[in-house]
Every structure is written in C-alpha cells, then in structure tokens.
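Summary of structural features
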Amino acid sequence: MKTGTIRQILLITDGCSNQGEDPIAMAALAKEQGITVNVIGVMEQDVIDDQGMKEIEGIALSGGGVSQIVYSQQLSQTVQMVTRKAMTQTLQGVVNKELQQILGGGRTVEDLPPDQRGEVMEVVDELGETVELEVLILVDTSASMKHKLPTVKEALLDLSLSLNARSGDNRFSVFVFPGKRNDVEKLLDWTPKLESLTSIFSKLTTGGITPTGPAIREALTYFNKKRSLRSLLSRDDESFFEESV
Amino acid sequence: MMMNPSLKNLCKVIPGTIIDGKWHHNRYTIIKELGYGANGIVYLARHDNKQVALKMSDNGMSITSEVNVLKSFAKVQGSALGPSLLDVDDWERPGKKVSFYVMEFIKGPDFLTFLQQKGPDWTGVMILQLLADLQQMHDNGWVFGDLKPDNLIVTGPPARIRCIDVGGTTMQGRSIKEFTEFFDRGYWGLGSRKADPGYDLFAVGMIMVNSAYPKRFTKSTGGIEEIMSKVRKSPELKIYEKVIFNSLTGKYQSAAQMREEILEIHQPDSRARKRTARIQQGAASQPSAKTVGSQPPGAAGRQTRKGYNKKKKKSTFVETVTIILIISLLYFFYIYSQIT
C-alpha cells in the first residue's frame with residue numbers, strides 16, 4: 001500500500017489571533033487539501049484565556065489534528081508527541097478507509113475483534129516508521145512569546161532528533177509570524193535537519209500582532225508551491241523515462 | 001509524558017464498577033486506581049476472586065499496540081520482565097466504547113522506594129537482575145524504551161525486579177516512541193533515539209544515577225561531563241563510576257557485557273578487580289579524548305554524510321562556473337569574429 005507523504009502544519013502559539021482571516025476556517029481549508037494542522041499552546045505562569053483555549057482547540061479540530069496546552073518546560077516532549085500522534089492518526093485514517101472498503105458497512109478497525117485489531121495496528125506502526133513526513137512549523141513571535149522562544153528552539157531540535165530516528169524521510173520548514181514585512185516570514189526552507197535553527201533563532205525579533213489565520217493561509221501556499229514544483233519534476237522524469245524506453 | 005486531561009476523564013471509573021467484556025464476556029470489578037501512564041489508567045480489579053491489573057484507554061489503538069508487545073513477550077520462554085497478558089476486550093459504556101486489557105497484578109514497592117527501605121546494598125543486585133532480563137529482551141529483537149524507576153517494581157521476597165509499563169517497548173531499529181527526558185540519551189545529547197540495546201543501557205546507567213539523586217536534576221549544558229560530575233559527588237555511586245560512564249557513552253555492546261562488569265566490581269577476588277580496572281581504563285581512556293564534544297555514535301555517520309553533501313555541492317559549483325566560463329568565452333569569440 002502506498003501512502004505518499006504525510007503533510008502537517010505545527011502551530012506553536014500562546015494565545016489568540018487578532019488580525020486577518022479566521023484561523024479555524026483556514027485550518028479547515030488546510031484539511032481539505034490533505035494537510036493536518038496541529039496546535040501547541042505554550043503557557044508560562046500565565047494561563048491562556050478561555051477564548052485562546054477555544055481557538056487552539058478549534059484550529060486543531062477543524063484542521064484534523066491534535067492540540068495540547070503545555071507549560072513551556074514540557075514543550076520538548078509535547079512537540080514530538082503531538083507530531084507523532086497526529087501522524088498515527090492520519091495513518092489510521094488511511095488504513096481505516098482501506099478497511100472500510102474491504103469490510104463494507106462503514107465498519108472501522110475498532111469494530112474488529114481485538115486479535116485482528118492487533119494485526120492492523122502492526123501495519124500502522126510499520127507505516128509510521130517508514131512514511132515520508134513533511135512538517136511546516138509556524139511559530140508565533142508576538143511580544144508575549146519572547147522569553148519562550150529559547151524553549152521553542154530546544155523543542156524543535158528535539159523534534160528533529162526524534163523524527164530522524166525513523167527510517168522514513170522527514171522534511172521540516174520553519175515560519176514565524178508576524179514577519180518583518182509580511183504576516184509570515186520564512187525562517188528555514190525545507191530541510192531534513194533542524195540544527196541550522198540554532199543560529200537563526202537567536203536573531204529573531206518579537207513583537208506586533210498575531211495574524212494566525214493569514215499565517216496558516218500563507219503556509220498552505222508554500223506546501224502547494226512546493227508540490228507543484230515537485231510534480232513538474234516528476235512529470236519530467238516520466239517523460240524522460242518514456243523517451244529512454 | 002504529558003497526559004491529555006480529557007483522556008483521563010473519559011476512562012475514569014469509581015471503585016465497585018463492573019466491567020463487562022464485549023467479546024470474551026469476562027467480568028471484572030474495579031477495586032482502586034493504581035496509577036496512570038501516557039495512554040491510559042491502570043486499575044486494580046477482581047476477577048474470579050483473583051486480583052488483576054486492568055488498563056483502560058479510550059484510545060483503542062494504543063491499547064492494541066501494548067497488547068501486541070505483551071503477546072510477543074509471552075512467546076519468549078521464561079521471560080519475566082513484563083507482566084503476563086490475561087485478556088483483551090472492549091467495554092461498552094453508554095455512549096462510548098473503552099478498550100482495555102487485563103494483566104497479572106505485580107505487587108510491591110517501586111524501585112526507588114525499595115532502595116530507600118533496604119539501603120544502597122541492593123542497587124547492584126537489582127541492576128544485575130534488570131540487565132539479565134534486558135539481555136533476553138534484546139535477544140528477541142526488542143528495546144524497552146521508556147525504562148525508568150517508576151516503571152520498575154520489586155516483588156518478593158525473594159526480591160525480584162519487574163517492569164510494569166511496556167508502552168514504550170519498540171522493535172530494534174525503529175524510533176523510540178515514548179521516553180522520559182532524564183533517562184533519554186537524546187535529551188542529554190549523547191546519542192540518537194533509534195531503538196538499540198545501547199538506548200536501554202543508557203537508561204540503566206541513569207537509573208543508577210537516579211538512585212543516588214531521587215529528585216533527579218535537569219540539564220544545564222547536557223553532555224557526559226555534567227552527569228559524571230554528579231556521579232563523582234555521590235559516595236554510593238563511587239564504585240559504579242566506570243560502569244555508569246561506559247553505559248552512558250555507549251561502550252557496552254550488550255546488557256550481558258555491562259552485567260559482567262558489575263559482577264566483577266562485586267567480586268572480592270582482587271585479581272578480578274584488577275582486571276576490571278584494566279578493562280575500564282581501556283574503555284575510559286578512549287572516550288576521554290573526545291569528551292568535550294562527546295559525539296554520539298550516530299553523529300559521526302551524520303557528519304560524514306553532511307561532508308559528502310558539501311563535497312557534492314562544491315563539485316556542482318565548480319561545474320557551473322566552468323560551463324559559464326566556456327560559454328562566455330565562445331560568445332566572446334563569436335562577437336569578436338562578427339566585429340572583425
């Protein structure tokens with residue numbers, strides 16, 4: 001079974017958006033394009049207000065992903081857990097769809113007896129280990145995030161350590177919002193390693209508004225751009241093969 | 001690991017609740033909560049007048065995953081590390097379905113509590129038992145993963161160490177799914193999160209450190225020196241200093257090898273002791289040269305790959321420049337010939 005690539009947006013924020021499109025709608029848009037949106041809400045001593053909490057859960061829900069609110073000390077473990085959990089969730093969705101076609105009647109893995117469920121789970125585990133993964137990380141750099149950024153950096157390095165232990169390929173890219181000129185600014189282009197973040201992150205300036213919605217929308221175009229470029233490439237490949245045959 | 005608060009509420013049940021299995025029709029009465037892990041809550045329950053441990057989660061897949069591990073343990077003859085699996089089933093509560101599995105109830109204090117009661121003399125013995133079990137597990141292609149004192153229980157008498165949470169158990173060669181930072185090689189910058197025997201042995205080393213520092217400590221700079229300075233400050237860890245160092249720096253190929261060295265430390269025979277010292281010196285002198293950078297074994301491979309990429313990039317650059325030069329030269333001649 002071919003699964004292709006799992007695409008995720010990981011949003012790290014500490015509160016409510018206050019400019020531009022509704023981030024929940026943008027997350028739904030992402031889901032329509034096969035991209036999962038996960039959200040991590042980072043707290044310090046302060047508590048995230050009700051509205052912020054609702055938004056974080058809402059984005060993950062409509063983006064088909066996972067959300068988690070954490071204190072910044074626990075960020076490292078949470079980032080890797082959320083990413084992994086969302087990945088498993090997506091894979092389970094794929095496997096479930098295949099199963100539904102086989103079993104019929106809208107039955108899912110959960111309807112199988114426990115023994116057979118175990119075999120399905122092994123397939124999901126195996127896929128989780130080998131599937132290609134693309135994670136676009138969106139970091140909120142509004143003023144309140146300033147002193148949390150070093151922890152965010154640590155957590156992202158930790159994420160690349162965890163995921164690079166898999167045998168499948170990973171690609172990460174990092175965006176911050178608000179950017180210097182635009183709503184979003186690219187920090188790091190698609191790369192299998194996040195180590196190069198160390199030097200870039202210390203130079204980051206924080207401040208301004210929180211345009212979460214526009215940030216997600218921009219991020220989507222970045223996935224698309226890349227995909228169309230790649231599909232172009234692969235089409236070239238195909239024609240090349242045809243010629244050579 | 002973080003606990004999803006909603007998860008905890010979903011499979012929260014009060015003592016006295018009766019759990020009916022949907023598939024196998026077994027009946028369990030909840031006695032009390034024993035604790036909760038990353039993926040669910042474990043209860044003490046009664047079934048046919050026997051006490052059992054019952055783990056529940058609304059995330060059916062994580063239960064299934066753990067059951068797979070326990071089943072594969074059952075195939076290993078005489079393995080006593082994990083609890084034995086008794087039943088797997090679903091419980092249909094009104095409105096939702098909760099998956100659960102039932103295992104043998106392992107009774108006793110956890111590793112650190114046991115050491116506090118009995119004294120540090122028992123550290124060595126318990127670690128020896130643990131290493132023997134780990135060796136068996138590694139031989140069967142598994143790595144425990146989330147190895148920590150909280151997951152270790154000492155039953156008895158006679159005292160016997162057992163593991164209670166197999167949620168982190170991973171096939172060798174795959175990536176570690178679940179870990180606790182203090183016991184994680186990656187957290188300290190001392191290696192990858194790929195499941196290999198060395199990953200577990202690192203955790204064993206840290207368990208020994210934890211026995212002297214029950215409150216643990218957080219990383220400031222990371223690296224081997226930070227941990228070793230703590231080890232040297234502790235009187236009860238002194239005799240294990242070399243073993244801990246070797247386990248943390250990935251010097252041991254197998255749990256059996258580490259076990260052998262701990263045994264030799266406890267050997268009153270001076271000849272054996274001398275030999276140990278020599279082995280340890282040999283092992284220790286190697287890494288001390290590169291302690292400052294303390295490269296994990298995986299990092300070396302990564303670096304060479306990076307180097308290769310750089311070389312490749314360089315060569316493509318040279319290629320590009322040459323092509324541009326040649327074309328501009330030809331163009332120059334062409335223009336020149338046009339003029340003349």
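Everything numeric in this text was worked out from a predicted model, so none of it was measured. (Residues numbered from 1 in each chain as written. Chains lettered and ligands numbered in written order. Predicted model: local features only at pLDDT ≥ 70, side-chain atom pairs only at ≥ 80, totals over all residues.)

Take the environment of A:P214 next. Residues and elements named next belong to chain A. Looking at the secondary structure, you find P214 in helix α7 (residues 212–244). Sequence separation between P214 and M26 is 188 residues, and the spatial gap between their C-alpha atoms is 7.9 Å. Leave out the neighbours within four places in its chain, and P214 touches G20, E21, D183 and V184. (Helix = DSSP H or I, 4+ residues; strand = E, 2+ residues; numbered from the N terminus. Contact = placed C-beta atoms within 7 Å.)

Residues and elements named next belong to chain B. Packing of helix α4 (residues 121–139) against helix α8 (residues 255–265) brings their axes to within 8 Å, and their N-to-C directions diverge by 160°. In terms of orientation, α4 lies roughly antiparallel with respect to α8. Regarding α4 and α8, the two cross each other, and that crossing is left-handed. Touching G124, I127, L128, L131, A132, L134, Q135 and H138 of α4 are A255, A256, M258, R259, I262 and L263, all from α8. Taken together, the residues that form the contact of α4 with α8 break down as 10 nonpolar, three polar and one charged. (Axes fitted to C-alpha atoms, helices over the stretch in contact; angles between N-to-C directions. Parallel < 35°, antiparallel > 145°, perpendicular 65-115°, else oblique. Left-handed = near helix turned anticlockwise from the far one by under 90°. Nonpolar A, V, L, I, M, F, W, Y, C, P; charged D, E, K, R; others polar.)

So, on to the nonpolar core. For soluble globular proteins, nonpolar side chains are generally found buried alongside one another. In this structure, A:I9, A:V37, A:I137, A:L138, A:F175 and A:A219 are the most contacted members of the largest nonpolar core, which totals 62 residues. Grouped together as the second largest cluster of nonpolar side chains are 52 residues, B:V69, B:I127, B:L130 and B:F202 included. (Core = buried A, V, L, I, M, F, W, Y, C linked by C-beta atoms within 7 Å. Buried ≥ 20, exposed ≤ 12 C-beta atoms within 10 Å, placed from the backbone.)

Another aspect to go through is helix α5 (residues 149–163) of chain A. Residue and element names in this part refer to chain A. Over its 15 residues, α5 runs 21 Å from end to end, which matches the ideal 21 Å to within 8%, given 1.5 Å per residue. With 11 of its 15 residues buried, α5 lies for the most part within the structure. Where α5 is concerned, the buried positions are L149, V152, K153, A155, L156, L157, D158, L159, L161, S162 and L163. The inward-facing, buried residues of α5 abut β1 (5–13), α3 (75–103), β4 (132–140), β5 (170–177) and α6 (197–202). (Expected span 1.5 Å × (residues − 1).)

This paragraph deals with the packing of helix α5 (residues 197–212) of chain B against helix α7 (residues 241–248) of chain B. Each pair of packed helices can be described by the angle between their axes along with the distance between the axes. All names here are of chain B. Following both chains from N to C, one finds α5 and α7 inclined at 145°, their axes separated by 8 Å at the closest point. Seen along the crossing, α5 lies across α7 with a hand that is left-handed. In this structure, α5 uses L201, F202, V204, G205, M208 and V209 to contact α7, whose residues at the interface are I244, S247 and L248. For the contact of α5 with α7, a count of residues per class yields seven nonpolar, two polar and no charged.

Quick look at the interface of chain A and chain B now. In this complex, chain A contributes 22 residues to the contact, which on the side of chain B involves 21 residues. Broken down by secondary-structure element, the contributors of at least two residues to the side of chain A that touches chain B are β3 (64–71), α3, α4 (114–130) and α5 of chain A. If one sorts the elements of the side of chain A that touches chain B by residue count, α4(A) sits on top with eight residues. Per-class residue counts for the side of chain A that touches chain B are eight nonpolar, seven polar and seven charged.

This brings us to unusual backbone geometry. That bond from A:F177 to A:P178 is cis: its omega, -5°, falls within 30 degrees of zero. Within the element layout of this structure, A:P178 appears in the loop between β5 and β6 (185–191). Even without being glycine, B:N49 reaches a positive phi, approximately 60°. Note on placement: B:N49 falls in the loop between β3 (40–47) and β4 (50–57). According to the C-beta neighbour criterion, B:N49 is exposed, with 5 such atoms within 10 Å.

With that out of the way, let us pick up the domain arrangement of chain B. All names here are of chain B. Each domain of chain B was delimited in the assignment, giving domain 1 (5–104) and domain 2 (111–285). If you look at the interface, domain 1 gives 12 residues, while domain 2 gives 12 residues. The greatest single-element share of the side of domain 1 that touches domain 2, amounting to three residues, is contributed by helix α2 (residues 60–75). Taken together, the residues of the side of domain 1 that touches domain 2 break down into seven nonpolar, four polar and one charged. (Domains from an automatic or database assignment.)

Right, let's get into the sheet that holds β6(A). Two orientations exist for strands paired in a sheet by backbone hydrogen bonds: parallel and antiparallel. Residues and elements named next belong to chain A. Strand order in the open sheet formed by six strands is β3-β2-β1-β4-β5-β6, with mixed pairing between adjacent strands. Unpaired on one side and paired on the other, β3 and β6 mark the two borders of the sheet. Between one strand axis and the next, the sheet turns through 15° on average, direction left out of account. Pairing of β1 with β4 involves eight bridges; the strand directions are parallel. The residue of β4 that forms the bridge with I6 is L133. Its contacts with the sheet place helix α2 (residues 50–62) against β1, β2 (35–43) and β3, and it is angled at close to 155° to β2. Most of the contacts of α5 go to β4, to which it runs at about 175°, and overall it touches β1, β4 and β5. (Pairing = 2+ DSSP bridges.)

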